[in-house]
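What follows is each chain in one-letter form.
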Amino acid sequence: MSSKKWCLTLVAIVGIIFLFNGLGQALEIRDGKKILVYGARQPAPNIDPSQYYDWSTRMLQQSLYDALLKYVGSPPQVIPWLATKWEVSPDAKVWTFNLVENAKFHNGDPVTAEAVKFSFERTLKIKKGPAWMLLDVLDPSGIKVVDDYTIQFTLNKPYAPFETVLPWWYVMNPKVVMAHEKEGDMGQEWMKDGDAGSGPFKQRRWEHGVLYELEAVADYWRGWENPNHIDGYIFKLIREASSQRIAIQKGECDIVEGISPEDFDLVAKMPGIYVSNDPGLTTFGIKMNNQKGYTKDINIRKAISYAFDYDSLIKIYNGNAILEDSPFPIGLKGHVSLKDKMYRQDLQKAKEYMKKAGHPDGGFELEYVYVQGLEEERKMGLVLIDNLGKLGIKVKMVPLTWPNMVARGSKMDTSPDMIAIFATPVFNDPDVVAYQYHKNSWGKYYGTAHYNNAEVWKLTEQARVIADFDERMKYYEKIQNMIMDDAPEIFGMQYNRRWAFRDYVQGFVFCPMRFTGEIDMYPIYIQK
Amino acid sequence: MKRYIVKRLLLIFLTLFGLITVVFLISRVAPGDPARLAAGPDATDEMVEVMRKEFGLDRPVVVQYLSYFKGLASGNLGRSIRTRHNVIDDLIRFFPATLELTIFSLLLAVVLAIPLGVLCAVYRDRFLDHAARVFSVSGMALPMFWLALMLQLFLALKFDFLPLGGRLGLLTEPPAKITHLYLVDSLITGNWAVFKDALLHILLPAIVLCFPALASIIRVNRAEMLEVLNRDFIVSVRAHGVSKVRIIGQYALKNALIPTMTMIGLRYGWMLGGTILVETVFDWPGIGLYAVQSAVYSDFQPIMGVTLLIGINFMLANLIIDLIYGVLDPRVRYE
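Quick caveat: nothing in here was measured; it's all calculated off a predicted structure.

Draft legend 1. Region of interest: the overall build of chain A. Counting secondary structure elements, chain A contains 16 helices and 22 strands. With the C-alpha coordinates of chain A rotated into their principal frame, the extents come out at 85 × 75 × 45 Å. Across the 528 residues in chain A, those meeting the buried criterion constitute 61%. By sequence separation, contacts in chain A at least 24 residues apart represent 70% of the contacts at least 6 residues apart. About 20,000 Å² of surface is accessible on chain A, with carbon and sulfur atoms providing 51% of the total. Across chain A, 63 positive and 67 negative side-chain charges occur, with their mean positions spaced 4 Å apart.

Here it is, written out as structure tokens:
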């Protein structure tokens, strides 16, 4: 075949492909209804509010279900949702909630105190998902229906953060759940993919591994604030960061959550796209083993804390991060700024602490464990190698899968010298972070330092049972100072939470209490 | 022949038994506590124990092993501790996507590679042969991940020819589930709109997945064709005045196809197990992604299920290839 014929064949192939041209489009429209497309990296294999929660699951749960209270805004506020008002006894043990009377489940059943009781009991009995938040303080017998629209919780012991936990305890329709019960499983099998909620959206299409489609409940009991609210959304799985970038550029997605920091900066400059950029509550720290090896010595930990180049953390995130100034994240309720005391790079001080530790010239090796494939953590390891090298400390970088990291960090004997940890507070109360330094947190991923200070543990236990927040703050101020003095970890940074939106998507309200890529879709509307 | 097939099938059973045993042991000695991971990062010890008991992880390993085989006999592959779904349901959900992509890619590779290999041999050291050589070397050397992103960038974003990823458009409802292969099901039901949509969606991932296979099949087929074309019987046939097309099609190609078939069989297994990258970039909801996510979470039962399924497929494909040898070359005897 001659070269000319080959060229003609090639042109023909390209021509055929051209016939299929014109696929890309922004905002899906079905029967005149606006269906927004949200590109997400993580699937939601189980949406039962009693069994499972992570960011993707919680985003869908938030759309399908309502809770007594809800987190909104930044700094996060707890506002009434299914509850209209609530009262707490002076000892923070008895909590009484009045409910709205017009809330309806998706099948039309009213949301009553009986449904609230059932939902809390179910989660406590199943002992999965969010149960840990209340398992120690609430027994099913402590939940009482006062009347159809009043519910009372009597806790086993005073627990001041109770109200801050409630936005993550969704209310389910008992009739729907129990109609699907099999062999006493309280409907667990069905609820993985089922909908028993009263939220602003209901299920339309559930294709695991591909997409989840929800449609707006036209007569949602709380109404819709904006007449241009979305009529539904598709939670589309796009696992690769570069593919998400192309999807938002091309208009195949209207919102994406998982592109790289560099690409966020890039798409922010493109026409038709804007990028939100808000300070989050997720902290990055390098936890040191406080019980074993060289890092058991507080002087070595302080030397490392003073040797670390904190500004590099900001550079890794292209400036879209802030440095922590206390063991508690900036923006969390109860945070106290300890800016003047916070460790910052000071090689002179670092060397002094090395001397105090009896290792003026270093001469030993420390292990730094991080999540395999997480580029930011790898870069932080390179910074450690450079910084600690100046103290004569060698750093061995060990990438591990997350399960292996958790397994190693769970025991003090196997926990690495240094381990990279991102931690997000689950609710807006200082107790949630203070408790990460308690002995009871040893074995969990945020307890890998095996921090040991009985005084801090005692103060944490005392603070959580005091009802008056001002009184509690005196304890938390002390706790933050004491943890800081003990240098159990390199207190790192809080990176900004970012999403890329097509410019016609409006109404986004950032709330740092939501996890990684989670967005509340209820206030979103379209302005074209 | 029948005896040979029965013997091979028995061998497949034995191999699968060994495969399951090895994977079972490896998954049990690997570090990590699946019950703790599944219970969540904040779960109390009591919650972890609930999970351990529910999924039978509190029982001795030998009991778990025997129980797995007992379940297997009744078609029960256990439950995923991560998704809480039955593994068999997950496999039915995800495997057809991988199978469809693999078969389509392999067909694409075979349809393009065999004629190209023949033409390269016939027009040896001419423009086409050189071009195919460059193509083959690139096909084997280019990282699949890079190629996938480049094709997305140009064919999906820049020129808007093809969709970015997925099996169907966002608002397209899947066809009625008969074989679970969208192209086949839409054809059977005469749903042309879905067929067109599915075809457009499969093109990019299939091109990427078939690229290395295409390259290696071209090279093998070309080399075999050259060898066969220089054999005495071809000279003899040519001397008898048989046409060039007939010599190539009827005499040379048939003889050159045996090593090519071996390559196709190996490539099928490789494609089936190696779709993970393509599935990730193109969000193809297949078994590769499912397997990796399960491995990351130390989710034993899906890992066992995927191993079993891929093992069966690979072995059956090789059996079929071995049987095809006999059709291509009557001298091959099965004993």
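Alright, that's what it looks like, and here's the rest.
Draft legend 2. Structural view of the sheet that holds strand 6 (residues 83–88) of chain A. Residue and element names in this part refer to chain A. Spatially, 4 strands are ordered 6-7-9-8 in an open sheet, and the strand pairing comes out antiparallel. A strand with exactly one partner marks an edge of an open sheet, and here the two such strands are strand 6 and strand 8 (143–147). This sheet shows a mean twist of 20 degrees between the axes of neighbouring strands, independent of strand direction. Sheet topology places strand 8 next to strand 9 (residues 150–154); 4 bridges connect them, and they run antiparallel. The residue of strand 9 that forms the bridge with Val145 is Ile151.

Draft legend 3. Seen up close, the interface of chain B and chain A. Contacts between the two partners involve 53 residues from chain B, matched on the other side by 59 residues from chain A. Summed over both sides, the interface between chain B and chain A buries roughly 4,900 Å², with carbon and sulfur atoms accounting for 63% of that surface. Here chain B and chain A share 4 salt bridges between them. We note a salt bridge from Lys127 of chain A to Glu46 of chain B, for which the minimum N-O separation is 2.6 Å. Where the side of chain B that touches chain A is concerned, the elements lending two or more residues are helix 2 (34–39), helix 3 (45–54), helix 5 (87–122), helix 6 (127–141), helix 7 (144–158), helix 9 (192–229), helix 12 (276–281) and helix 13 (287–296) of chain B. With 6 residues, helix 7 of chain B is the largest single contributor of residues to the side of chain B that touches chain A.

Draft legend 4. Structural view of the environment of Tyr353 of chain A. Residue and element names in this part refer to chain A. Counting through the fold element by element, Tyr353 comes out in helix 11 (residues 347–356). C-alpha separation for the pair Tyr353 and Ser74, spaced 279 residues apart in sequence, amounts to 39 Å. Discounting chain neighbours no more than four positions away, the residues touching Tyr353 are Asn299, Lys302, Ala303 and Tyr306.

Draft legend 5. Highlighting helix 11 (residues 244–273) of chain B. Over its 30 residues, helix 11 of chain B runs 40 Å from end to end, which matches the ideal 44 Å to within 8%, given 1.5 Å per residue. Along its length, helix 11 of chain B reaches its greatest deviation from straightness, about 50 degrees, at Leu253 of chain B.

Draft legend 6. Structural context of the pairing of strand 2 (residues 33–40) of chain A. All names here are of chain A. With 7 of its 8 residues buried, strand 2 lies for the most part within the structure. Judged from the 3 bridges that link them, strand 1 (residues 28–30) and strand 2 form a sheet pairing that is antiparallel. Its bridge partner being in strand 2, Glu28 is matched across the sheet by Ile35. What sits between the antiparallel neighbours strand 1 and strand 2 is a turn of 2 residues, in which Asp31 has the positive phi angle 50 degrees. Sheet analysis places strand 2 next to strand 13 (residues 232–237), joined by 6 bridges and oriented parallel. Residue pairing across strands places Tyr38 opposite Phe235, the latter belonging to strand 13.

Draft legend 7. Fine view of the environment of Gly373 of chain A. Here Gly373 of chain A lies in the loop between strand 17 (364–371) and helix 12 (375–389). Linking Gly373 of chain A and Pro399 of chain A, residues 26 residues apart in sequence, is a C-alpha distance of 7.8 Å.

Draft legend 8. Structural view of a nonpolar patch on the surface. On the surface, Leu9, Ile312 and Leu316 of chain B cluster together to form a nonpolar patch covering roughly 200 Å² of accessible area. One can find Leu9 of chain B in helix 1 (residues 2–29).

Draft legend 9. Summary view of the pattern of salt bridges. This model, assessed by the stated rule, comprises 38 salt bridges over all chains. Arg239 of chain A serves as the salt-bridge partner of Asp283 of chain B, at 3.5 Å between the closest nitrogen and oxygen. Of this pair, Asp283 of chain B sits in the loop between helix 12 and helix 13 while Arg239 of chain A sits in the loop between strand 13 and helix 7 (241–250), each in a different chain. Like Arg239 of chain A, Asp283 of chain B is buried. Note that Arg52 of chain B is salt-bridged to Asp33 of chain B, the shortest N-O span being 3.1 Å. Placement of Arg52 of chain B in helix 3 and of Asp33 of chain B in the loop between helix 1 and helix 2 is noted, with a sequence separation of 19 residues between them.

Draft legend 10. Layout of the packing of aromatic side chains. Residue and element names in this part refer to chain A. In the structure shown here, the tally under the stated rule is 46 aromatic pairs over all chains. Taking 5.7 Å as the distance between ring centres and 20 degrees as the angle between the ring planes, the aromatic pair formed by Tyr38 and Phe235 counts as stacked. Of this pair, Tyr38 sits in strand 2 while Phe235 is found in strand 13, placing the two residues 197 residues apart along the sequence. There is no split in this pair, since Tyr38 and Phe235 are both buried. Considering the side-chain rings of Phe120 and Trp169, the 5.1 Å spacing of their centres and the 25 degrees angle between planes classify their relative orientation as stacked. Within this pair, whereas Phe120 is found in helix 3 (residues 113–126), its partner Trp169 is found in the loop between helix 4 (162–165) and strand 10 (170–171), the two being separated by 49 residues in sequence. Since its relative accessible area comes to 0%, Phe120 is described here as buried. Aromatic ring contacts, followed pair by pair, group Trp81, Phe201, Tyr220, Trp221, Trp224, Tyr233 and Tyr522 into a single cluster.

Reading the values: the criteria
- Residues numbered from 1 in each chain as written.
- Chains lettered and ligands numbered in written order.
- Predicted model: local features only at pLDDT ≥ 70, side-chain atom pairs only at ≥ 80, totals over all residues.
- Heavy atoms only, no water.
- Helix = DSSP H or I, 4+ residues; strand = E, 2+ residues; numbered from the N terminus.
- Buried < 20%, exposed > 50% of the residue type's maximum accessible area, 1.4 Å probe, protein only.
- Contact = heavy atoms within 4.5 Å.
- Areas by Shrake-Rupley, 256 points an atom, 1.4 Å probe, with all protein chains shown as cover.
- Lys, Arg positive; Asp, Glu negative; His and termini not counted.
- Charge placed at Lys NZ, Arg CZ, Asp CG, Glu CD.
- Pairing = 2+ DSSP bridges.
- Axes fitted to C-alpha atoms, helices over the stretch in contact; angles between N-to-C directions.
- Buried area = accessible area lost by both parts, 1.4 Å probe.
- Salt bridge = Lys/Arg side-chain N within 4 Å of Asp/Glu carboxyl O.
- Expected span 1.5 Å × (residues − 1).
- Bend = angle between axes of the 7 residues up to and from the residue.
- Patch = residues over 30% accessible without salt bridge, like charges linked within 9 Å, V, L, I, M, F, W, Y side chains within 5 Å.
- Phe/Tyr/Trp six-rings, centres within 6.5 Å; stacked < 30°, edge-to-face > 60°.

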